[in-house]
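Spelled out from the first residue to the last, the chains are:
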Amino acid sequence: MNEQTAFLLFGAALVGIAFQPLYAADNDNASAELRFTSGIGIAGISSRGRSTVSPDPVQAEIANGTWHAPTAGDTLLSPRGSNVTWEAVQADTNGVFTGSTARGGYIFVTHVATEDSVMLLNAAGHNMVYANGEPRNGDVYNYGYVQVPVAIHRGTNEFLFATGRGRLRASLSEPRAPQMILSGDPTLPDLLTGDRSETWGAVVVVNSTKETTAGLEITAEVNGRRHTTKVPKMLPLSARKMGFQIAAPSLHTGGETTLKLTLHDRENHNHVVDQAEFKLRIREPQQTRKITFVSDIDGSVQYYAVNPASGEFDEHNRPAMFFSLHGASVEAIGQADAYSPKKWGVIVTPTNRRPYGFDWEEWGRMDALEVLNLATAKFRPSPDQVYLTGHSMGGHGTWNFGANFPNRFAAIGPSAGWISFWSYAGSSRSEEPNAIEQMLLRGMAPADTMGLSTNYSQLGVYILHGDADDNVPIKEARTMRAHLQTFLRDLDWHEEPGAGHWWDNSDEPGAACVDWPPMFDFFARHRLPADDEVRQVNFTTMNPGVSATDHWVTIAQQQHALQASRVNIEFDPQKRRFTGTTKNVATLELRFPARSEAGDLILALDDHSQTNAVAAGRTNIWLHRVGEDWETGTAPAASEKGPNRAGPFKEAFQHRMVFVYATHGTPEENAWAFDKARFDAEQFQYRGNGSIDVLADTEFAPAKFPDRSVILYGNRDSNAAWSALLADSPVQIGRDEIRLSDHEFRGADLGCVFMRPRRDSDTASVAVVSGTGINGLRLTDRLSYFTSGTGFPDCLILSPEILEKGTAGILAAGFFGNDWSVERGEIAFHEQY
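Residues numbered from 1 in each chain as written. Predicted model: local features only at pLDDT ≥ 70, side-chain atom pairs only at ≥ 80, totals over all residues. Heavy atoms only, no water.

*Asks:* Even after reading the chapter, I still don't get the overall build of the chain, so can you show me in this structure?
*Replies:* Assigned secondary structure in the chain consists of 11 helices and 53 strands. Against the 2.2 N^0.38 benchmark of 28 Å for 833 residues, the chain shows a C-alpha radius of gyration of 28 Å, consistent with a compact globule. Seen along its three principal axes, the alpha-carbon backbone of the chain occupies a region of about 90 × 70 × 60 Å. Within the chain, the fraction of its 833 residues that count as buried is 60%. Of the contacts formed within the chain by residues at least 6 apart in sequence, a portion of 70% connects residues at least 24 apart. As presented, the chain carries roughly 30900 Å² of accessible surface, and 47% of it is formed by carbon and sulfur atoms. Of note, the chain has its 73 positive side-chain charges centred 3 Å away from the centre of its 100 negative side-chain charges. (Helix = DSSP H or I, 4+ residues; strand = E, 2+ residues; numbered from the N terminus. Rg over C-alpha atoms; globule rule 2.2 N^0.38 Å. Buried < 20%, exposed > 50% of the residue type's maximum accessible area, 1.4 Å probe, protein only. Contact = heavy atoms within 4.5 Å. Areas by Shrake-Rupley, 256 points an atom, 1.4 Å probe, with all protein chains shown as cover. Lys, Arg positive; Asp, Glu negative; His and termini not counted. Charge placed at Lys NZ, Arg CZ, Asp CG, Glu CD.)

Encoded structure:
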């Protein structure tokens, strides 16, 4: 080891920042760890929570370039207007920092090295860390497996930890190899006896060199069967979850087997770089198991779990499917194991991308929808017997997912579920939001469970809760029950007397708080009607890009983006007549059974009646709102907003997105773009079990990445991919200037995020993380767009005052029109503009 005890200058005294060496039993290295055991910290500095922007004086200094190593006694003005002081902090005997500085504050430590090297930073309990000024991902949930390779230079190395939930531990260790497979955080399948289908796994691979690696491969071997998968290029000093194929052997008995992984360099005579072994479970057909797949969201390997039906089924007797969403900190396989097998149906549990994930919203919602479609194709359940349930965070997911997709389920059963981010999970809404704050709230509109609650009118709803729940209060269930009783007839509930958050009062297999027999009896009495059996659709969507269709109605476009759009329409098939009302609907599709002959279709919508001639065999009609009237027409062009792509900003992060960083700016701008793209990839890997391709603008060409969303880092002057993707964008960002159509914002310290359609694709988008100079670029460092429950509209322009005054520092926020123009959209501007 080339280390010395690190020191900070506190006033006129030298105070040691001590390291405690120990054997690295909790990481993948055989070398001794160097634990950080003392430093200086500051509390009361940040109140981020679920906020789009938050005041933060430390981050303000980093953004404006005035940050310097603090000393004990230095003071800052907190967001609450009081002075807060940097003070000496000491870890406990286990090397863990606790106290107020470890909860939503900052802890600063240093390491003095005698020569340049690369080390692994092993830390847990922090939101993120600046390692010698470079933003790197944290481990706020204390999973314990996050290891980040960092460049160590001769002399003093600085680490500024943004702390999370009250505990922080951190250490440095030497990597055992230039590239290596980590044992923590694998995504692995269970193998099934008698099944030789190829499947997928994923492990974290670290590149601990300062060069991009290419030519690596992973060979997976199970019981003598091998499969080799190419590894994508790896960024310098990076860790990425890498997927690989597994050729399953013929297995006849349960138990477990060994998966052997070899990382080798095909461009260097297949030199073996690293090896690792993992255990795979072998499961019988009637046992719970994990099934892996490659996600279309980002190309990563994910899994879902299954608790198979115990009955026998065939083409004429299909199983039901129970779609169950887990709570916070719970794995999907644990959720599946909490149920006893059901004779009449299969239980399927998606992951939410992680045990905490995204609260079953945003990418958690995308994961649930992807798994619902995969499981429907694999298990072919009876289409009228699909049910939704979940516990705690999964109970919230049941409320919200069921409200957004009511035509996918016959009944729902939330257990210990909270209603929304505003009722339980830390979000706040101003009673009188200004115009810009209203745009931020609209950016998270699909999370508004109450605003979507009329969609439950077509479902059966069973509410389950323990009346002594000290985690999710019983008021969440009672509030929703009282609300639903005002309009929903098909409602039942049970409050378990004296029961807490997780309870089981029976001797039967399964946990009663999720595997509640009366709830499954309720499910058995419900069927999902086929579209041609439905005579009335009462449907609300907040965003057609999230949820557009309910039986024979599709709300394709809105008059006002991400505000509630509603239809309540009845269809009389004998009279071929649609009658009803709409609200905030710009474009509507109505479908009806095919007829062999031509005929008239009567529309009586919003007090306007018209008769339309319909050709023989036609099964739908498109309607466009023009003033107060409806006019027939054709489907919107794919280039417009619609169910295929409607924003806002976060929705661009799908379709196997690729991150493209700038290389044509100043050295400082280029370094920022690389660091930020790598940091965002790390964040999405941590929060979403993701795996993102990150490349330089010089490597990007649209034809090489068809139909993939692109996330650009930099601006028009620094990112060479800008002209190919955004030449016609109404948002143009260069040094010292942002133009939003005919609005001009000048300054070298402005930040901006926005999204646009990718013009050469009907589905993919382009999102931009940008600024007008290095200070403006740094404004985006900590934007919380990977945190569920934060509102980001289509476009957001930021001044440095966001780090002092929060939303008062936002210069513009809003949505483009259905044609993606500013003129037909809605943008709110700061009063100075």
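*Asks:* When you look at the pairing of strand 42 (residues 629–633) in this model, what are you seeing that I'm missing?
*Replies:* Residues in a regular strand project their side chains so that they alternate between the two faces of the sheet. Where strand 41 (residues 620–626) and strand 42 come together, five bridges link them in antiparallel fashion. The residue of strand 42 that forms the bridge with Leu623 is Thr632. Between the end of strand 41 and the start of strand 42, which pair antiparallel, lie two residues, with Gly627 showing a positive phi angle near 65°. (Pairing = 2+ DSSP bridges.)

*Asks:* Just checking my understanding: could you explain the pattern of salt bridges for this structure?
*Replies:* Opposite charge on two side chains permits pairing when their charged atoms draw close. All chains considered together, the criterion is met by 40 salt bridges. Where Arg365 meets Glu651, a salt bridge forms, and the shortest distance between an N and an O atom there is 2.9 Å. Of this pair, Arg365 sits in helix 3 (residues 363–379) while Glu651 sits in the loop between strand 42 and strand 43 (658–661), and the two are 286 residues apart along the sequence. Salt bridges linked by common partners bring Glu737, Arg739, Glu744 and Arg746 together as one network. (Salt bridge = Lys/Arg side-chain N within 4 Å of Asp/Glu carboxyl O.)

*Asks:* Can you walk me through the nonpolar core in this structure?
*Replies:* One recurring pattern in soluble globular proteins: nonpolar side chains tend to sit buried together. With 125 residues, the main nonpolar core has Phe323, Tyr456, Phe653, Phe659, Leu712, Tyr713 and Leu740 as its most contacted residues. Top contributing element to this core by residue count: helix 3, with seven residues. Setting aside its immediate chain neighbours within four residues, Phe659 contacts Phe653, Ala677, Asp680, Ala681, Ile692, Asp693, Val694, Leu695, Ile711 and Tyr713. Core analysis: the next-biggest nonpolar cluster, separate from the first, contains 26 residues, Leu121, Ala131, Val148 and Val150 among them. (Core = buried A, V, L, I, M, F, W, Y, C linked by side-chain atoms within 4.5 Å.)

*Asks:* Can you help me understand the sheet that holds strand 38 (residues 587–591) in this one?
*Replies:* Each strand in a sheet pairs with another by means of backbone hydrogen bonds, the pair being arranged parallel or else antiparallel. In space, the five strands of this open sheet follow the order 34-35-38-41-42, with antiparallel pairing throughout. Strands with a single pairing partner mark the edges of an open sheet, and in this sheet they are strand 34 (549–550) and strand 42.

*Asks:* What is the right way to look at the sheet that holds strand 23 (residues 255–265) in this model?
*Replies:* Taken in spatial order, the five strands make up an open sheet running 18-24-23-20-21, and their pairing is mixed. Strand pairing shows two members of the sheet lacking a second neighbour, strand 18 (191–192) and strand 21 (225–230), which therefore form its edges. The pairing of strand 18 with strand 24 (residues 271–283) spans two bridges and is parallel. Looking across to strand 24, one finds that Leu191 is bridged to Ile282.

*Asks:* Honestly, helix 5 (residues 435–443) in this entry has me stumped. Any pointers?
*Replies:* Spacing of three or four residues puts side chains on the same side of an α-helix, whose turn is 3.6 residues. Every buried residue of helix 5 is accounted for by Ile436, Met439, Leu440, Arg442 and Gly443. Considered in projection along helix 5, the buried side chains sweep an arc of 160° and stay on one side of the axis. Considering only its buried residues, helix 5 is in contact with strand 51 (795–798), strand 52 (810–815) and strand 53 (826–829). Of the residues that open helix 5, the one with a side-chain oxygen 3.1 Å from the backbone nitrogen of Ile436 is Asn434. (Arc of directions from axis to C-beta. Polar contact = N/O pair within 3.5 Å; in protein donor to acceptor, adjacent residues only side chain to side chain.)

*Asks:* How should the packing of aromatic side chains be read in this particular structure?
*Replies:* What characterises a pair of aromatic rings is the spacing of the ring centres plus the angle enclosed by the ring planes. Following the criterion strictly, the structure yields 51 aromatic pairs and no others. Three or more aromatic residues joined by ring pairs form one cluster here, namely Phe358, Trp363, Phe649, Phe653, Phe659, Phe684, Tyr713, Tyr785, Phe786 and Phe792. Above the plane of the ring of Tyr356 lies Arg165, whose end atom (NZ or CZ) is 5.3 Å from the centre. If you follow Lys290 out to its NZ or CZ, it ends over the ring of Tyr303, 5.3 Å from the centre. (Phe/Tyr/Trp six-rings, centres within 6.5 Å; stacked < 30°, edge-to-face > 60°. Lys NZ or Arg CZ within 6 Å of the ring centre and 35° of its normal.)

*Asks:* Is there a simple way to think about the pairing of strand 45 (residues 710–713) in this case?
*Replies:* On strand 45, burial covers both faces: Val710 and Leu712 on one face and Ile711 and Tyr713 on the other are all buried. Pairing of strand 43 with strand 45, which is carried by four bridges, proceeds in the parallel orientation. Counterpart to Val658 in the pairing with strand 45 is Val710. Across four bridges, strand 45 lies against strand 50 (residues 765–771) in parallel orientation. When the sheet's bridge partners are listed, Val710 is paired in strand 50 with Val766.

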